[in-house]
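Each chain, letter by letter, is given below.
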Amino acid sequence: MGTLSLEKIDHLLWLGRYIERSYTTQRFITTTYDKAIDSTEGNWKGQLEELGFAAETDDVLEFFRDCLFNESNLCSLAHSMGAAYDNAVMLRDVLGTESLSYVQMATDEIKAAESSDSPLLDLQLVQDNIMAFKGCVDDYVTDDAARNIIKCGISIERIDLYARLSYRLDCLKQEVHRLASRIDRTGAPYDKQAFKELIDIVFSSGFPENATYETLGKLLSVVARIFA
């Protein structure tokens, strides 16, 4: 594990996970919102319940504002980005000022969007800053293990969210390839049997075209064990 403590490994992994959770859930929430306001029909509430949202209101705008901006809601964009920032602050010496600044700006743009008359513009800046942070990781995180732990966290979160939401399942093979190319370069302990089971599921015949609810549930349980 080189000079990285177990505590820093944990912060790096969760930084990657929360950054990706913020990025993917924001895209999913805003796409679902667009569909909801275009039609009074559809299962927009059911789709968002897969992310953990269960507000009682039937007011579309109120529901989506809670999904995006309610920091006390553990599933919200604001909470995820705040958690990413908390982990990033603990890694200032590993990340460098440039990388940390993009996490800070993404967090600030969420607060700006909450009070804005045109929140979608500010929310686009959140996405832009997250992407800039990911680019900065390659340029400014000099520790190879640290860089790969962040990227493994990103991949783990993508796999988890895509399976949970039945979203972009066709991208899972590519994401597992990415994870496989990095996981042994982290020096971090992980469950090799769980990782093998993940590969077996994702590369099984007929996946994802014939994936069942039970298959995706098993995939989620396996992913949860890899860095448990």
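Undergrad: Just to check I follow, could you spell out the overall build of the chain for this structure?
TA: Counting its regular elements, the chain contains 11 helices and 0 strands. Element order for the chain, N to C, with α for helix and β for strand: α-α-α-α-α-α-α-α-α-α-α. A compact globule built from 228 residues should have a C-alpha radius of gyration of about 17 Å, and the chain, at 18 Å, falls within 12% of that. The principal-axis extents of the C-alpha atoms in the chain amount to approximately 55 × 45 × 25 Å. Here the chain, with 228 residues, has 49% of them falling under the buried criterion. A sequence separation of at least 24 residues applies to 65% of the contacts in the chain between residues at least 6 apart. As displayed, the chain has an accessible area near 11200 Å², and 49% of this comes from carbon and sulfur atoms. Distance between charge centroids for the chain: 8 Å, based on 23 positive and 37 negative side chains.

Undergrad: Help me understand the packing of helix 1 (residues 6-38) against helix 3 (residues 60-69), please; the structure alone is not making it clear to me.
TA: In contact at an axis separation of 11 Å, helix 1 and helix 3 are set at 180° when each is read in the N-to-C sense. What the angle tells us is that helix 1 and helix 3 run roughly antiparallel. Seen from helix 1, the contacting residues are Ile29, Thr32, Tyr33, Ala36 and Ile37; seen from helix 3, they are Val60, Leu61, Phe64, Cys67 and Leu68.

Undergrad: Just to check I follow, could you spell out unusual backbone geometry for this structure?
TA: Residues other than glycine predominantly adopt negative phi, and peptide bonds predominantly adopt the trans conformation. The omega torsion across Phe207 and Pro208 is 5°, close enough to zero to call that bond cis. Note that Pro208 resides in the loop between helix 10 (192-202) and helix 11 (213-226). Despite not being glycine, Arg168 has its phi angle at roughly 55°, a positive value. Among the structural elements, Arg168 can be located in the loop between helix 8 (144-165) and helix 9 (172-182).

Undergrad: Help me understand the nonpolar core, please; the structure alone is not making it clear to me.
TA: One broad rule of soluble globular proteins: the nonpolar side chains tend to lie buried together. Counting residues in each nonpolar core, the largest one holds 48 residues, and the members touching the most others are Leu15 and Leu48. Residue assignment for this core shows that the elements contributing at least two residues are helix 1, helix 2 (44-49), helix 3, helix 4 (77-89), helix 5 (92-95), helix 6 (97-114), helix 7 (119-140) and helix 8. Dropping the residues within four chain positions of it, Leu48 is found in contact with Phe28, Ile29, Thr32, Phe53, Phe63, Phe64 and Cys67. Ranked by size, the runner-up nonpolar core spans 24 residues in total, among them Cys171, Leu179, Ile183 and Leu216.

Undergrad: Explanation requested: the side chain of Arg158 in the structure shown.
TA: By the secondary structure assignment, Arg158 is in helix 8. The exposure class of Arg158 is buried, given its relative accessible area of 17%. Not counting residues within four places of it along the chain, the set of residues in contact with Arg158 comprises Glu20, Lys134, Glu175 and Arg178.

Definitions and cut-offs
Residues numbered from 1 in each chain as written. Predicted model: local features only at pLDDT ≥ 70, side-chain atom pairs only at ≥ 80, totals over all residues. Heavy atoms only, no water. Helix = DSSP H or I, 4+ residues; strand = E, 2+ residues; numbered from the N terminus. Rg over C-alpha atoms; globule rule 2.2 N^0.38 Å. Buried < 20%, exposed > 50% of the residue type's maximum accessible area, 1.4 Å probe, protein only. Contact = heavy atoms within 4.5 Å. Areas by Shrake-Rupley, 256 points an atom, 1.4 Å probe, with all protein chains shown as cover. Lys, Arg positive; Asp, Glu negative; His and termini not counted. Charge placed at Lys NZ, Arg CZ, Asp CG, Glu CD. Axes fitted to C-alpha atoms, helices over the stretch in contact; angles between N-to-C directions. Parallel < 35°, antiparallel > 145°, perpendicular 65-115°, else oblique. Core = buried A, V, L, I, M, F, W, Y, C linked by side-chain atoms within 4.5 Å.

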